[in-house]
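Okay, here's what each chain looks like letter by letter:
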Amino acid sequence: MALGVAGAAPLMLGVDGEMPLQGALVLSGGGAHGAYEAGAIGCWVAARGIADGVALAPYQMVFGTSIGALNGWMVATGQYTRLRELWYGVSAAKLMRLKPQFAASADPNSGALNQLAAKLRMASLTTDQTAMYDSQPVLDFISRQIDPERPLVVPFVWAVTNLTEQRTEFFYRRAHDTPAQFRDAIIRVIQAIMGPQTVVREASLDLFHKQLFASAAIPIVWDPVPLPGPDGSTCDYCDGGVASNSSVRISHAVSRAVDVILVDPPFEPVRTYANAIAVALGMVATMRRKILEIDMRTAHFQSLTKRAFARLPNADAAIAAEGDPQYAAYMQSVPATTLSYLRPKDKLPIGTEDFDDEEGIGKTYRLGWNDATAGLRSYDWKTFD
């Protein structure tokens, strides 16, 4: 009951703007592992005979974080062919470019002295440098691939992390036929789940590419993205996956069925962390996995509680509700959501930062396609890890 009341959120966002959705899709973060998501989406599009520009049924809303935000934009705008082309062409973009002062450290032809000088300059990561890789190639790539004025076929929400304020924030874009009350409804839902001070804003056309890139800016790998904060002052933003890698709680509040695509297997063998970047990525991955586990379990037990109360005879329900406004609020607000997920069985053949690995990305895309062919799994809190 306590979990249910804590997760209470208004019913809304159906055709009339008040009833919960029938289906929502959640795309998790994971860097280059996003090729797995793209492969799964490609499979579903082909199997269901869905054309570009048409919503991916049965999903009426898309949630994304980090690379899931980029994939999510393509799904929310119905650009399925372009999504496939993006992933099969991303390696040619050479997104992983060390900053000039660090580049010689990874170049075997630069000479011993140049390599030594570059490695010494890495000490600047503790003084005046916030990342090792150049952000501009990634931002340029996003700008080439994404037209912020393209109409959406379903609403889209994505998470970012405001480092300056140390909190998760959310951006959203509406579909052309979204009810007028969408803005107030989605803000109410997110604030009910994430806290009343949570910032929820509609993305702007002029800053759209940066707002989307901010969700994918992995700490230490790429510099934080400076953007206007809620009060107009400049804040530093980074990877939304730091605190909300899979928007399970929010999607649960708005939909009776939620499908989540995860890009991490249930178990990965312990490995040696060879450098600071590997350690940083390992720390972020650990946080993501624990937050995901908690979010899935919370949504599951909220739904169980709702179904249990709904089965009470009317007389018993009336007695339980008498003098208890929290009970009434819970019964009127929390959907009983069915959670399902798709997840690789084993470690994917690329690392999260391997955007330049053409062969690995192709293999990962095909793994996503093949796993999606086998179907989603129903969430079971006893076995989910």
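Residues numbered from 1 in each chain as written. Predicted model: local features only at pLDDT ≥ 70, side-chain atom pairs only at ≥ 80, totals over all residues. Heavy atoms only, no water.

Further remarks concern the overall build of the protein chain. Assigned secondary structure in the protein chain consists of 15 helices and ten strands. For the protein chain, with 385 residues in total, the buried portion stands at 52%. Once local pairs closer than 6 in sequence are excluded, the contacts in the protein chain between residues at least 24 apart make up 77%. For the protein chain, the computed accessible surface area is about 17100 Å², with 55% contributed by carbon and sulfur atoms. (Helix = DSSP H or I, 4+ residues; strand = E, 2+ residues; numbered from the N terminus. Buried < 20%, exposed > 50% of the residue type's maximum accessible area, 1.4 Å probe, protein only. Contact = heavy atoms within 4.5 Å. Areas by Shrake-Rupley, 256 points an atom, 1.4 Å probe, with all protein chains shown as cover.)

All chains considered together, the criterion is met by two cavities of 30 Å³ or more. Its boundaries defined by the atoms lining it, the largest cavity holds a volume of some 140 Å³. Around the largest cavity sit 15 residues that line it, and Ile67, Leu70, Leu95, Val138 and Phe355 are the ones nearest its centre. Of all the elements in the fold, those that place two or more residues in the lining of the largest cavity are α3 (67–76), α4 (80–89) and α7 (136–145). Looking at the lining of the largest cavity, the element that brings in the most residues is α7, giving three residues. Split into classes, the residues belonging to the lining of the largest cavity amount to 13 nonpolar, two polar and no charged. Around the second largest cavity, the lining residues are Ser28, Gly29, Asn245, Ser246, Leu262, Val263, Asp264, Arg288, Arg289, Leu292 and Arg343. Grouping the constituent residues of the lining of the second largest cavity by class yields three nonpolar, four polar and four charged. (1 Å grid on protein atoms, 1.4 Å probe; cavity = no way out; pocket = protein on both sides within 12 Å on 5 of 7 lines; lining within 4 Å. Points joined across faces, edges and corners; volume = space filled by probe spheres on them. Nonpolar A, V, L, I, M, F, W, Y, C, P; charged D, E, K, R; others polar.)

Counting residues in each nonpolar core, the largest one holds 69 residues, and the members touching the most others are Leu56 and Trp87. No other element matches the eight residues that helix α2 (residues 34–48) contributes to this core. Ignoring anything within four residues of it in the chain, the contact list for Leu56 reads Leu25, Ile41, Trp44, Val45, Arg48, Ile50, Val75 and Tyr80. Judged by nonpolar contacts, the second largest core, of 30 residues, contains Ala159, Ile250, Val254 and Val260. (Core = buried A, V, L, I, M, F, W, Y, C linked by side-chain atoms within 4.5 Å.)

What follows concerns the packing of aromatic side chains. Summed over the entire model, instances satisfying the criterion amount to 14 aromatic pairs. Among the aromatic residues, ring-to-ring pairing joins Trp73, Phe156, Trp158, Phe171 and Phe208 into one connected group. Its guanidinium or amino end placed over the ring of Tyr88, Arg84 lies 4.6 Å from that ring's centre, counting from NZ or CZ. (Phe/Tyr/Trp six-rings, centres within 6.5 Å; stacked < 30°, edge-to-face > 60°. Lys NZ or Arg CZ within 6 Å of the ring centre and 35° of its normal.)

The next subject is the packing of α3 against α4. It is the contact of α3 with α4, at a shortest axis distance of 8 Å, that shows an interaxial angle of 145 degrees. Of α4, the residues touching α3 (which contributes Ile67, Asn71, Met74 and Val75) are Tyr80, Arg82, Leu83, Leu86 and Trp87. Here the residues of the contact of α3 with α4 sort into seven nonpolar, one polar and one charged. (Axes fitted to C-alpha atoms, helices over the stretch in contact; angles between N-to-C directions.)

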